[in-house]
Amino acid sequence: MHFVLLADDFCLQLFDKGPDAKLLVVGDSLSTDVAGSNNAGLDVALVTGGIHAEELGAPRGTLPEKGKLDALLNATGRSITYAVGDFCW
């Protein structure tokens, strides 16, 4: 699973639906999706059942123990708004 983060000003303007619009980035990579979201100041939902599933001990469709997720976020210096075990579209 890989999600492209549209975080530069031009792309964000494409999604602008007015001053009260909300944008949520969904991705499974702390080094790309979450990092880009953090850098752009956007809310992000981390799909924990993606590329970090093994290190979090949470197979697709499950959420990891909070302590494991917090430790990984602290180690990488990243922050998330939400965590989801899976994402289908």
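Residues numbered from 1 in each chain as written. Predicted model: local features only at pLDDT ≥ 70, side-chain atom pairs only at ≥ 80, totals over all residues. Heavy atoms only, no water.

## Focus on the overall build of the chain
Item 1. Secondary structure assignment for the chain yields 4 helices and 3 strands.
Item 2. Across the chain, helices and strands are ordered from the amino to the carboxyl terminus as α-β-α-β-α-α-β.
Item 3. For the chain, buried positions account for 34% of its 89 residues.
Item 4. Considering only intrachain contacts with a sequence separation of at least 6, the fraction spanning at least 24 residues in the chain is 49%.
Item 5. A total accessible area of about 5,700 Å² is found for the chain, and carbon and sulfur atoms account for 54% of it. (Helix = DSSP H or I, 4+ residues; strand = E, 2+ residues; numbered from the N terminus. Buried < 20%, exposed > 50% of the residue type's maximum accessible area, 1.4 Å probe, protein only. Contact = heavy atoms within 4.5 Å. Areas by Shrake-Rupley, 256 points an atom, 1.4 Å probe, with all protein chains shown as cover.)

## Topic: helix α2 (residues 30-40)
Item 1. Burial in α2 covers these residues: Leu 30, Asp 33, Val 34, Ala 35, Gly 36 and Ser 37.
Item 2. Directly beyond the C-terminal end of α2, a positive phi value near 75 degrees is found at Gly 41.

## Side note on the pattern of salt bridges
Item 1. Throughout the structure, instances matching the rule amount to 2 salt bridges.
Item 2. Note that Arg 60 is salt-bridged to Asp 86, the shortest N-O span being 2.8 Å. Here Arg 60 is found in the loop between α3 (53-56) and α4 (66-76), whereas its partner Asp 86 is found in the segment after β3 (82-84), with 26 residues between them in sequence.
Item 3. According to the relative accessible area criterion, Asp 86 is partly exposed, its value standing at 29%.
Item 4. Taking the shortest distance from any N to any O, the salt bridge between Asp 70 and Lys 66 comes out at 2.7 Å. Remark: Lys 66 and Asp 70 occur in helix α4; sequence separation between them is 4 residues, near one turn of the helix.
Item 5. Relative accessible area serves as the criterion here: at 61%, Lys 66 is assigned to the exposed category. (Salt bridge = Lys/Arg side-chain N within 4 Å of Asp/Glu carboxyl O.)

## Remarks on the sheet that holds strand β1 (residues 24-27)
Item 1. Strand order in the open sheet formed by 3 strands is β1-β2-β3, with parallel pairing between adjacent strands. Edge positions in the sheet fall to β1 and β3, since each of these pairs with one other strand and no more. The mean inter-strand angle of the sheet, taken between neighbouring strand axes irrespective of direction, is 25 degrees.
Item 2. Pairing of β1 with strand β2 (residues 43-47), which is carried by 4 bridges, proceeds in the parallel orientation. (Pairing = 2+ DSSP bridges. Axes fitted to C-alpha atoms, helices over the stretch in contact; angles between N-to-C directions.)

## A few points about the nonpolar core
Item 1. Counting residues in each nonpolar core, the largest one holds 11 residues, listed as Val 25, Leu 30, Val 34, Leu 42, Val 44, Leu 46, Leu 56, Ala 58, Leu 69, Leu 72 and Leu 73.
Item 2. When contributions to this core are tallied by element, the ones reaching two or more residues are α2, β2 and α4.
Item 3. Broken down by element, the residue count for this core peaks at 3 residues, all from α4.
Item 4. Apart from the residues lying within four places of it in its own chain, the contact partners of Leu 72 are Leu 30, His 52, Glu 55 and Leu 56. (Core = buried A, V, L, I, M, F, W, Y, C linked by side-chain atoms within 4.5 Å.)

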